[in-house]
Amino acid sequence: MRIGLQLLCGLVLIFALAAWFVLEIFVEEIKPGVRSATEDTLVDMAQLLAPMALGDLQEGKMANGRLASAFDRLNQTPLNALIDGHLKQQTEYRIYVVDGKGIVVYDSSGQDLGKDYSRWNDVYRTLRGEYGARSTRSDPDDPASSVMHVAAPLRDGTNILGSLTVAKPNRTLLPMIERSEHQLLQGAAMLLLISLLIGGLLVWWLNRAIGKLVQYADAVSQGQPTSLPRLYSPELDRLGRSLETMRRQLDGKSYIESYVHSLTHELKSPLAAIRGAGEILAEAPPPEVATRFIGNINLETARMQQLIERMLQLARLESGQGLDRQACDPARLGRRVLDARQIVAQRRQLSLRLDLAEAQKQKWDPLLVEQALGNLLDNAIDFSPIGGLVTLTGEVHAGGYRFQVRDLGPGIPDYALPRIFERFYSLPRPDKGKSSGLGLSFAREVARQHGGRLTLDNHPDGGVLAELWLPAA
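Residues numbered from 1 in each chain as written. Predicted model: local features only at pLDDT ≥ 70, side-chain atom pairs only at ≥ 80, totals over all residues. Heavy atoms only, no water.

- An unreviewed UniProt entry annotates the protein chain as histidine kinase originating from Aeromonas lusitana.
- Its UniProt record gives the protein chain a comment under Subcellular location (unreviewed entry), which states: "Cell membrane".
- In its Catalytic activity (unreviewed entry) section, the UniProt record describing the protein chain reads: "ATP + protein L-histidine = ADP + protein N-phospho-L-histidine." (UniProt positions renumbered as here; feature names shortened; annotations may be inferred.)

Structure follows, in structure tokens:
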């Protein structure tokens, strides 16, 4: 299971348990609490009515005394009391009075007058000077039919002449309890919904941050240029920095190994030529032979020096030492690069054509851009047939400036297209043999450092088209 889904399930489980706990508290505490509050009210009412009932009992006027008259007038007019959305029209109390023996001498309902209530808990305990109360079902099979009874003693000095009981059905409390249950369930559902929303946002944010790290790791593993993403979390940022440190250490080791291996491989050929020439010169050959081999030594030495210088230049660029950005005119830069190659082109009887659109000055590293563009022109000149044409064009394009170098040479073989930007990979020149194979690698790295791109493709009409696009800065 994915970590995001695990977190979401965990959050939902926590909030579901919290909702269940709240509901349990309601069942175990709120309902009894409502009944306790009702019982407290019944106690107050019984104590309030007890003096009135005592006078009627002493005067023998229970049937038409003050208590009976007051209760008869109680529900003559509807109450029309709107309590939290519940309309109350009449009181639902029952009052009965018993004498000192527990015989009912007054019953507001008129149903149990004259019956012996002495064994009921409310009467039995009250006549003995204790607190008397009970809850009894009117229907033994219906829990909702229970009625709460609270009694108060009818005292004459220290003597208890009887008791007055106030009874109220618990079903009258159901609207308030059900309303509270409904509100609580709504709150629990809202809490669960909010928890799902928060959990979903948390999972989305976590998956997004982890996804950025995964993309970063994939780009690093594929050798693509990338930077460490901002994750907006101290822990994830620390993890990202650790990955970045590990990448740099691994890159440093592989970088050195690659360059040492490549340099060793490329230096074998000129070193072998120099060694062979040295062995022949050691045998004191004729002057003309010695001159030829001395020329070979000088040529191979110059080749080795050029190779090492280009490798050091590319290594400095790839190590990210930064660009020396200056305001430069793209058209003037292109003309300067082309003018520097006019002599070489004339030797090969080539025509150089220039078509550079004027543009605003750009913040580039002019030295690097000139070298990159010069490498592209050098390739075009080297592969062009005698009497051919090399074109350098430039235009404002896609928020930057695009240079295009076009030649009319044989084009790039299909097998070489995937490898043309590899270091030390080179195709044979018509007149020069192979080059160092670092020019295109250097040019592409210059484009990357500037945030641009370099492409090299065969033109449909023949030859090669190189495009160097650099963004405006």
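Don't stop here, the text continues.
1. Points about the overall build of the protein chain
Thought 1: Along the backbone of the protein chain there are 10 helices and 14 strands.
Thought 2: Sorting the 473 residues of the protein chain into buried and exposed places 36% on the buried side.
Thought 3: In the protein chain, of all internal contacts separated by at least 6 residues, the share reaching a separation of at least 24 is 61%.
Thought 4: A total of about 27700 Å² of accessible surface is found on the protein chain, and carbon and sulfur atoms cover 56% of it. (Helix = DSSP H or I, 4+ residues; strand = E, 2+ residues; numbered from the N terminus. Buried < 20%, exposed > 50% of the residue type's maximum accessible area, 1.4 Å probe, protein only. Contact = heavy atoms within 4.5 Å. Areas by Shrake-Rupley, 256 points an atom, 1.4 Å probe, with all protein chains shown as cover.)

2. Observations concerning the packing of helix α9 (residues 366-383) against helix α10 (residues 439-449)
Thought 1: It is the contact of α9 with α10, at a shortest axis distance of 9 Å, that shows an interaxial angle of 140 degrees. Relative to α10, the element α9 is oriented oblique. Between α9 and α10 lies a crossing whose hand is left-handed. Contacts between α9 and α10 involve L368, V369, Q371, A372, N375, L376 and N379 from the first element and G439, L440, F442, A443 and V446 from the second.
Thought 2: Each residue belonging to the contact of α9 with α10 can be placed in one class, and the counts come to eight nonpolar, four polar and no charged. (Axes fitted to C-alpha atoms, helices over the stretch in contact; angles between N-to-C directions. Parallel < 35°, antiparallel > 145°, perpendicular 65-115°, else oblique. Left-handed = near helix turned anticlockwise from the far one by under 90°. Nonpolar A, V, L, I, M, F, W, Y, C, P; charged D, E, K, R; others polar.)

3. Some words on the pattern of salt bridges
Pairing between side chains becomes possible if they bear opposite charge and their charged atoms approach one another.
Thought 1: Counted according to the given criterion, the structure contains 13 salt bridges.
Thought 2: Of the charged contacts, one joins K115 and D112 as a salt bridge, the two residues approaching to 3.0 Å between their closest N and O atoms.
Thought 3: Here K115 falls in the partly exposed class, since its relative accessible area comes to 43%.
Thought 4: For D112, a relative accessible area of 12% translates into the label buried.
Thought 5: We note a salt bridge from E422 to R419, for which the minimum N-O separation is 3.1 Å.
Thought 6: Taking relative accessible area as the criterion, R419 reaches 36% and is therefore assigned partly exposed.
Thought 7: Via salt bridges that share partners, R94, D107, D112 and K115 belong to a single interconnected network. (Salt bridge = Lys/Arg side-chain N within 4 Å of Asp/Glu carboxyl O.)

4. Looking at the sheet that holds strand β11 (residues 389-397)
Thought 1: Taken in spatial order, the five strands line up as β9-β11-β12-β14-β13 in an open sheet, and their pairing is mixed. Single-partner strands in this sheet number two, and they are β9 (351-356) and β13 (453-458). Neighbour to neighbour, the strand axes of the sheet diverge by 15 degrees on average, direction disregarded.
Thought 2: In the sheet, β13 pairs with strand β14 (residues 464-471) via six bridges, with the strands oriented antiparallel. (Pairing = 2+ DSSP bridges.)

5. What to know about the sheet that holds strand β7 (residues 159-169)
Thought 1: Taken together, the five strands give an open sheet; going across it, the order is β4-β3-β7-β6-β5, and neighbouring strands pair in antiparallel fashion. One side of each edge strand has no neighbouring strand; the edge strands of this open sheet are β4 (104-107) and β5 (133-137). Across the sheet, the mean angle separating the axes of adjacent strands is 25 degrees when strand polarity is ignored.
Thought 2: Two elements, strand β3 (residues 94-99) and β4, share three bridges in a ladder whose sense is antiparallel. Paired with Y96 across the two strands is D107, which belongs to β4.

6. Looking at a nonpolar patch on the surface
Thought 1: On the surface, M190, L193, I194 and I198 cluster together to form a nonpolar patch covering roughly 380 Å² of accessible area.
Thought 2: Residue position: L193 is located in helix α4 (residues 174-221).
Thought 3: Assessed through its relative accessible area of 51%, L193 is described here as exposed. (Patch = residues over 30% accessible without salt bridge, like charges linked within 9 Å, V, L, I, M, F, W, Y side chains within 5 Å.)

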